[in-house]
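Residue-level structural notes
So you can see what is in the structure, the chains are spelled out below.
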Amino acid sequence: QEFKLAKMLRLLQTVKEEIRRTEENCELTVAPLAATNTCLMDIVFLWCSGCSFGDICTQTSLFEGSVIRAMRREAELLRQMIKAAEAIGDKDLEEKFTETQKALQRGIPFSSSLYI
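Here goes a summary of the coordinates provided. (Residues numbered from 1 in each chain as written. Predicted model: local features only at pLDDT ≥ 70, side-chain atom pairs only at ≥ 80, totals over all residues. Heavy atoms only, no water.)

What to know about the environment of Leu12
Locating Leu12 in the fold gives a position in helix 1 (residues 2–25). Sequence separation between Leu12 and Thr29 is 17 residues, and the spatial gap between their C-alpha atoms is 22 Å. (Helix = DSSP H or I, 4+ residues; strand = E, 2+ residues; numbered from the N terminus.)

As C-alpha cells, then:
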C-alpha cells in the first residue's frame, strides 16, 4: 500500500510541476498551485479498500468528524471530476472517477444522519 501511494504522490507532484512549467512558458498569470496535503491519503485509501470506519479511526489521531468531513469533500470533488470528464468526452476517465466514487461513498461517513 505505501509503495503504491508513494508512487501516486510522485506522479501527482510531477504533473503539478509540468503544469507550473507550462504556465510559465505560456506566460500565464495564474494563482500558484496549492501545496499537496497528504495527511488523509492513507486513510481514504484504506477506506476505499474496504476497511471499517472503526479500524480507520484507530489508525489516526484526527477527530472522527474531521475524517468524515474530508471524505465528503473528496466525494464532492469526485462528482465535479466526473462531470468534467463527461464534458470533455473522456469515457475512460469518467468510469475511473465513478468507480472511485462508489468505493468512497459507503457506510457511516455518508449516512444522512450520524445519529444511528
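The structure having been displayed, the exposition proceeds.
Structural notes on the layout of surface pockets
Here the largest pocket defines a volume of roughly 1800 Å³. Around the largest pocket sit 36 residues that line it, and Leu12, Met41, Val44, Glu74 and Leu77 are the ones nearest its centre. Where the lining of the largest pocket is concerned, the elements lending two or more residues are helix 1, helix 2 (41–48), helix 4 (64–88) and helix 5 (91–104). With nine residues, helix 1 is the single largest residue contributor to the lining of the largest pocket. (1 Å grid on protein atoms, 1.4 Å probe; cavity = no way out; pocket = protein on both sides within 12 Å on 5 of 7 lines; lining within 4 Å. Points joined across faces, edges and corners; volume = space filled by probe spheres on them.)

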